[in-house]
Amino acid sequence: MQIKTVGVVGAGTMGNGIAQVFAASGFDVILQDISEEQLEKGVATIANSLDRLIKKEKITDEDKQTTLSKITTTVSLESFSDTDLIVEAASENLAIKSEIFQKLDAICKADAILATNTSSISLTRIARETKRPEKVIGMHFMNPVPVMKLVEIIRALQTDDATYASIEELSKQIGKVPVECNDSPGFVSNRILMPMINEAIYTYYEGVAKPEAIDEIMMLGMAHPMGPLALADLIGLDTCLSIMKVLHEGLGDSKYRPCPLLTRMVDAGYLGRKTGQGFYEY
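Cut-offs and rules
Throughout, a residue's number is its position along its own chain's written sequence, starting from 1. The predicted origin of the model limits local features to residues at a pLDDT of at least 70 and limits the giving and counting of side-chain atom pairs to 80 or more, whereas totals for whole chains, interfaces and linings rest on all residues. Note that the side-chain values use all heavy atoms of the structure and ignore hydrogens as well as water. UniProt positions are given in the numbering used here, feature names are shortened, and annotations may be inferred rather than shown by experiment. Helix and strand definitions follow DSSP, with helices as H or I runs of at least four residues and strands as E runs of at least two, each counted in order from the N terminus. What a helix should span is 1.5 Å times the count of its residues minus one. Only protein chains enter the accessibility calculation, which uses a 1.4 Å probe. A residue is then buried if its area is under 20% of the maximum for its type, exposed if over 50%, and partly exposed in between. Working rule for contacts: check all heavy atoms of both residues, and any pair within 4.5 Å makes them a contact. The rule for pairing is simple: two strands pair if DSSP sees at least two bridges between them. Axis lines are fitted through C-alpha atoms, for helices just across the contact stretch, and the angle between N-to-C directions can take any value from 0 to 180 degrees. Annotation comment: domain bounds sourced from an automatic or database domain assignment. The quantity reported as buried area is the accessible area (1.4 Å probe) lost by two parts once they are put together, taken as the sum for both. Salt-bridge detection follows one rule: a side-chain nitrogen of Lys or Arg within 4 Å of a carboxyl oxygen of Asp or Glu. Think of a polar contact as two N or O atoms within 3.5 Å of one another; within protein, one of them needs to be a possible hydrogen donor and the other a possible acceptor, and neighboring residues in sequence only count if both atoms come from side chains. Polar here means any residue outside two lists: the nonpolar Ala, Val, Leu, Ile, Met, Phe, Trp, Tyr, Cys and Pro, and the charged Asp, Glu, Lys and Arg; Gly therefore counts as polar. By definition in this entry, angles of less than 35 degrees are roughly parallel, angles greater than 145 are roughly antiparallel, angles of 65 to 115 are roughly perpendicular, and the rest are oblique. Helix crossings get a hand from a simple test, with the near helix turned counterclockwise from the far one by less than a right angle marking a left-handed crossing and a clockwise turn marking a right-handed one.

- As named in an unreviewed UniProt entry, the chain is 3-hydroxyacyl-CoA dehydrogenase, taken from Cocleimonas flava.
- Looking at the Sequence similarities (unreviewed entry) heading of the UniProt record, one finds this comment for the chain: "Belongs to the 3-hydroxyacyl-CoA dehydrogenase family."

Shown next, in the form of structure tokens:
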């Protein structure tokens, strides 16, 4: 199947980045969210991202205008009725994703591929919400999407080889490096990354060191480009907590128990960069 049109569900941090990458690669993109306000913020973020690329002389103003012209916005999932691929980038919540996939399955044409940007939730469970489980697959992009090369391609138990081959080739077309893994809580990336972040939070919680010291030690000593607590703020502490809960429940091991401080910070609304307060102030 040749993919020409791409739908993206969710205009937030990941969704607008995914839309930008596909549009910049020449695909017609439909970006959907529940409100015009969210869509306007998403498109503004894309425009700002393209402006940064212009300043770095990686693209021209003409490239920017061409990319933006490839993106249309909508508040209705019905707009995806003739779309070849839909990438869902909604909140990391199984109930929300299940409802979206049920609706997409009813709306989209029979040969459309339904992908999810989930960073931890079972693809097999999401796929069973549809009547086309063989055409459901995970495309886990990294943040920030326009910069990071990896796309973690996750097979549901039901995903067929043709769907995988299409998404693998498509990922290369948009300048990404696809890496395959099978369905398991957190997949590869977050099964390794999130326990490290959680342990960094425990280290702060237990008074071993301040956030600045923890991050500096990991950057200077382990050659990490960003410390784990600063990275948690970038990802969103609510997302980190959701992933840790998926790991804890799915793998049943106490080593995945979310740090109580992480839970309290999310309860307080301290979610990181997006709220201006996390382990650091923004």
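## Quick word on helix 7 (residues 189-205)
In an α-helix, one turn spans 3.6 residues; hence positions three or four apart end up facing the same way.
Argument step 1. Compared with an ideal rise of 1.5 Å per residue, which puts 17 residues at 24 Å, helix 7 spans 24 Å between its outermost C-alpha atoms and is within 8% of the ideal.
Argument step 2. For helix 7, the set of buried residues is Ser189, Asn190, Met194, Ile197, Asn198, Ala200, Ile201 and Tyr202.
Argument step 3. Elements that come into contact with the buried residues of helix 7 comprise strand 6 (136-141), strand 7 (150-155), helix 8 (211-222), helix 9 (228-235), helix 10 (237-251) and helix 11 (260-268).
Argument step 4. Directly beyond the C-terminal end of helix 7, a positive phi value near 75° is found at Gly207.

## Digging into the sheet that holds strand 6
Two orientations exist for strands paired in a sheet by backbone hydrogen bonds: parallel and antiparallel.
Argument step 1. On the basis of which strands lie adjacent, the open sheet formed by eight strands has the order 3-2-1-4-5-6-7-8 and mixed pairing. Every interior strand has two partners, whereas the edge strands, strand 3 (71-74) and strand 8 (177-182), have only one. Shown here is a sheet whose adjacent strand axes are inclined to one another by a mean of 25°, direction ignored.
Argument step 2. Where strand 6 and strand 7 come together, five bridges link them in antiparallel fashion. Among the inter-strand pairings, Gly138 is bridged to a residue of strand 7, identified as Ile154.

## Here we look at the domain arrangement of the chain
Argument step 1. Assigned domains within the chain: domain 1 (5-182) and domain 2 (190-273).
Argument step 2. Just the C-alpha atoms count here: the centres of domain 1 and domain 2 sit 26 Å apart.
Argument step 3. If you look at the interface, domain 1 gives six residues, while domain 2 gives five residues.
Argument step 4. Buried surface at the junction of domain 1 and domain 2, summed over both partners, amounts to about 480 Å²; 55% is from carbon and sulfur atoms.
Argument step 5. Counting every contact that joins domain 1 to domain 2 gives zero salt bridges.
Argument step 6. Across the contact surface, domain 1 and domain 2 share one residue pair in polar contact (both at pLDDT 80 or more).
Argument step 7. By residue class, the composition of the side of domain 1 that touches domain 2 is one nonpolar, four polar and one charged.

## Side note on the packing of helix 10 against helix 11
Relative placement of two packed helices is described by the angle separating their axes and the distance separating the axes.
Argument step 1. Put simply, helix 10 and helix 11 touch, their axes get as near as 9 Å, and they point 135° apart. As the angle between them shows, helix 10 and helix 11 are arranged oblique. For the element pair helix 10 and helix 11, the recorded crossing hand is left-handed. From helix 10, Leu237, Asp238, Cys240 and Leu241 reach across to helix 11, where they touch Leu262, Thr263, Met265 and Val266.

## Some details on the UniProt feature "domain: 3-hydroxyacyl-CoA dehydrogenase C-terminal" (unreviewed entry) in the chain
Argument step 1. The positions that UniProt labels "domain: 3-hydroxyacyl-CoA dehydrogenase C-terminal" (unreviewed entry) are, in the present scheme, residues 186-282.
Argument step 2. Regarding residues 186-282, the helix share stands at 63% and the strand share at 0%, and the terminal C-alpha atoms are separated by 28 Å.

## Comments concerning the UniProt feature "domain: 3-hydroxyacyl-CoA dehydrogenase NAD binding" (unreviewed entry) in the chain
Argument step 1. UniProt records the feature "domain: 3-hydroxyacyl-CoA dehydrogenase NAD binding" (unreviewed entry) at residues 5-183, using the numbering of this structure.
Argument step 2. Secondary structure over residues 5-183 splits into 41% helix and 22% strand, and the C-alpha atoms at its two ends are 26 Å apart.

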